[in-house]
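Residues per chain are reported as follows:
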Amino acid sequence: MSQFTRAGSVMPPVPTSARAVIIAICVLQGLLLYFFLSHPASPALESLSHNIYGQTMAFTLPVLISLSVVHLNSRRFWGGIAVLTLLLAGMAAWLKSNMTGAPSEAVLFPFCQSLVLLVYFVLPWLQVQSFPPDTRYRYANLAACYSQNTLCLMLTVLLMLLTLGVMALCAALFRLIGIEYFHTLFFDTPLFMWLVYGLLLGISIVTCRTQPSLMNTTKNIIRFILKGLLPLVAFVALLFLCALPFTGLKALSDAWSAASLLTIMAMSVLVLVNVVREADNASKPYPRFIRLLVNAAILLLPVYAALAMYATGLRIAQYGWTPQRLWAVLTIGVTLVASLCYSLSVIDKRPDWLPRITQLNKPLSLLVVLLVIAVNSPLLDPYRISVNNQIARLDQGKTQAKDLDLHMLRFDTGRRGNDALKALQQNPAFVADPHLLVLLKNTLSQTSRWGSYDVEDAAQAAKDYRAENAKKMIQLAKGSVQPEDAWWNSLPELEKYRSTLRDCLSLQGVCIVNTLELNNDKQKEVFLCNTLDPKSVNCRVYARKAGKWTEAGELYLYEEKNREEIIQALRNGEVKPVARRESDVQIKGKRRVIHYNNDSEQ
């Protein structure tokens, strides 16, 4: 593929006919992605355009083919494509089995990440099928393919950013003289943009595969820059490990993103070492002192991965498995295995620098492929593992019913999580607590984690709304004056039947209403608080403006330690207006709001 092997022989060139096919395939991918992702499907085409099999194939196969094809009549190549197609179809089938009847965004995103990883690590093995049999699986060839694919990705992103910049400039210039055509074409016409994406991808791939001198020069420049960066990263890695004994591991357990930062550091060193350690160059880089610094950092890389695994293990022990934590454990596990392998290569007594890396990278890349396949199959299904673990913790008493993350089960675990939520409606812990049962049922009714509900259900609920029933369900704070009837009658319009109103009408006393004078207009505003959510108390302020009630503000109270005291204070009417110490200003008859530095303390 227009690169050079370790022996110096040129890899199979891309015929002119294949170049035209590559461009056509990439443009076709743009059309397919438009149809599957952007096209407003008619009822007749809805099932086809939303088909997960079509989306998966459109996302992966054109890239695999255009980056790998050399001879259009190669049976070995098309056989490999057929095997990958069956594999992708199996992964898509398993994904589809977990999408039925549940919001799918949180399930689709990890699947797309899996496809990206699979394509990146499988592609070189498909590309080398066109090499001579005696050098087909030589590490130098695989490394050249990885380099080419990475550079192709970088070139594609650069081309797209530059093209978008030119298009934005063109649209802005013509807008100056009142012509909106180009802005509409470039940014309001999805078909055009997807075709541009496909064309740029095809140009990028053909350029990378037919310009070996350009690719080699670019690779050498990037390698030169990263070669200077490796000692700095190694120094930081060693400095952190030297400081860690003085702070202890408790700091890691208290930090929110400790595992991710530790893993990023370890992976950064691994990637930089691979860039510096060329497949066809066994000479030792750097002066001796700097090389010893880098070697020490590589030797201690397993410590980083072990600490990341420790931090993640603490979270799992405290809160149980989630899909994100399973992905984290797999990522850290691969990093730990790679770190151990690289550490062993440091202590190898052969004269080459890190001689075993070329032997270890091939099985490591296959390990990533196997894990990606396993996590999208029954073997390591993160949704099944997470749901079963969370329910088991609830049954064993490790997690209290009030602490169970219902939103995670509803929106992050697909069908399995939703089936578990439905079963929890019969769980004794939820049946015995009307507050938790209502929260569970409302969570099942939500169509997004931000509190949206089905449009038809919301419309019907608003139609069935009665102010008399609302007055019975919403508790009036002690000593407070009942809000006027106009406010009660306008609640469905004010809330558009969002989570607050739905929660208030689900359980008596879960919402508390108060009337306060908050803006010195001699009219009392309504202060409505929803206490159903176990993690926060959501309050809204309603004010009358121009004879009509409107929402004037919000307040979220995240007070887990004294939550019950706050709720009791709301019930007792212990809410008083507090004026700001500083004033705003008026300039030319218009009020200008001053954001004082101590606003948060008032």
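The structure we're discussing is the one just above.
Residues numbered from 1 in each chain as written. Predicted model: local features only at pLDDT ≥ 70, side-chain atom pairs only at ≥ 80, totals over all residues. Heavy atoms only, no water.

**Some words on the overall build of the chain**
Looking only at helices and strands, the chain has 25 helices and seven strands in total. Projecting the C-alpha coordinates of the chain onto the three principal axes gives extents of approximately 90 × 65 × 60 Å. For the chain, buried positions account for 44% of its 602 residues. Within the chain, counting contacts between residues at least 6 apart in sequence, those at least 24 apart form 67% of the total. Accessible area for the chain stands at about 31,800 Å²; split by element, carbon and sulfur atoms hold 63% of it. Once the 58 positive and 42 negative side-chain charges of the chain are each reduced to a mean point, those two points are 11 Å apart. (Helix = DSSP H or I, 4+ residues; strand = E, 2+ residues; numbered from the N terminus. Buried < 20%, exposed > 50% of the residue type's maximum accessible area, 1.4 Å probe, protein only. Contact = heavy atoms within 4.5 Å. Areas by Shrake-Rupley, 256 points an atom, 1.4 Å probe, with all protein chains shown as cover. Lys, Arg positive; Asp, Glu negative; His and termini not counted. Charge placed at Lys NZ, Arg CZ, Asp CG, Glu CD.)

**A few points about the environment of Glu-525**
Within the secondary structure layout, Glu-525 lies in strand β3 (residues 525-530). In sequence terms Glu-525 and Cys-170 are 355 residues apart; their C-alpha atoms lie 50 Å from each other. Leaving out residues up to four positions away in the same chain, Glu-525 has contacts with Asn-514, Thr-515, Leu-516, Glu-517, Leu-518, Asn-519, Val-541, Tyr-542 and Ala-543. Of the polar contacts made by the side chain of Glu-525, one reaches the backbone nitrogen of Leu-518; its length is 2.9 Å. (Polar contact = N/O pair within 3.5 Å; in protein donor to acceptor, adjacent residues only side chain to side chain.)

**Quick notes on the packing of aromatic side chains**
Throughout the structure, instances matching the rule amount to 16 aromatic pairs. Between Phe-77 and Trp-78, the ring centres sit 4.9 Å apart and the planes meet at 70°, which makes this aromatic pair edge-to-face. Note on Trp-78: relative accessible area 34%, which makes it partly exposed. Measuring from ring centre to ring centre gives 6.0 Å for Trp-125 and Tyr-137, while their planes differ by 35°; the resulting arrangement is tilted. Here the residue Trp-125 occupies a position in helix α5 (residues 105-127), and Tyr-137 occupies one in the loop between α5 and α6 (139-176), the gap between them amounting to twelve residues. Residue classification places Trp-125 among the buried residues on the basis of a relative accessible area of 17%. Take Tyr-137: its relative accessible area is 37%, and that puts it in the partly exposed class. What links up through ring pairs into an aromatic cluster is the set Phe-174, Tyr-181, Phe-182, Phe-186, Phe-187 and Phe-192. Over the face of the ring belonging to Tyr-286 we find Lys-227, whose NZ or CZ atom lies 5.7 Å from the ring centre. (Phe/Tyr/Trp six-rings, centres within 6.5 Å; stacked < 30°, edge-to-face > 60°. Lys NZ or Arg CZ within 6 Å of the ring centre and 35° of its normal.)

**Some remarks on empty space enclosed by the protein**
Considering all chains together, one arrives at three cavities of 30 Å³ or more under this definition. Of the pockets and cavities examined, the largest cavity occupies roughly 90 Å³. As for the largest cavity, its lining consists of 13 residues, of which Leu-95, Val-107, Val-375, Asn-376 and Tyr-383 are closest to the centre. When residues of the lining of the largest cavity are traced back to their parent elements, those giving at least two are α4 (75-97), α5 and α16 (382-396). Taken together, the residues of the lining of the largest cavity break down into ten nonpolar, two polar and one charged. (1 Å grid on protein atoms, 1.4 Å probe; cavity = no way out; pocket = protein on both sides within 12 Å on 5 of 7 lines; lining within 4 Å. Points joined across faces, edges and corners; volume = space filled by probe spheres on them. Nonpolar A, V, L, I, M, F, W, Y, C, P; charged D, E, K, R; others polar.)

**Brief notes about the sheet that holds strand β2 (residues 511-516)**
Taken in spatial order, the five strands make up an open sheet running β1-β2-β3-β4-β5, and their pairing is mixed. Bordering the open sheet on either side are β1 (475-476) and β5 (548-557), each of which pairs with just one other strand. Sheet topology note: the β3/strand β4 (residues 537-545) ladder contains five bridges and is antiparallel. The partner of Leu-528 across the bridge, within β4, is Arg-540. (Pairing = 2+ DSSP bridges.)

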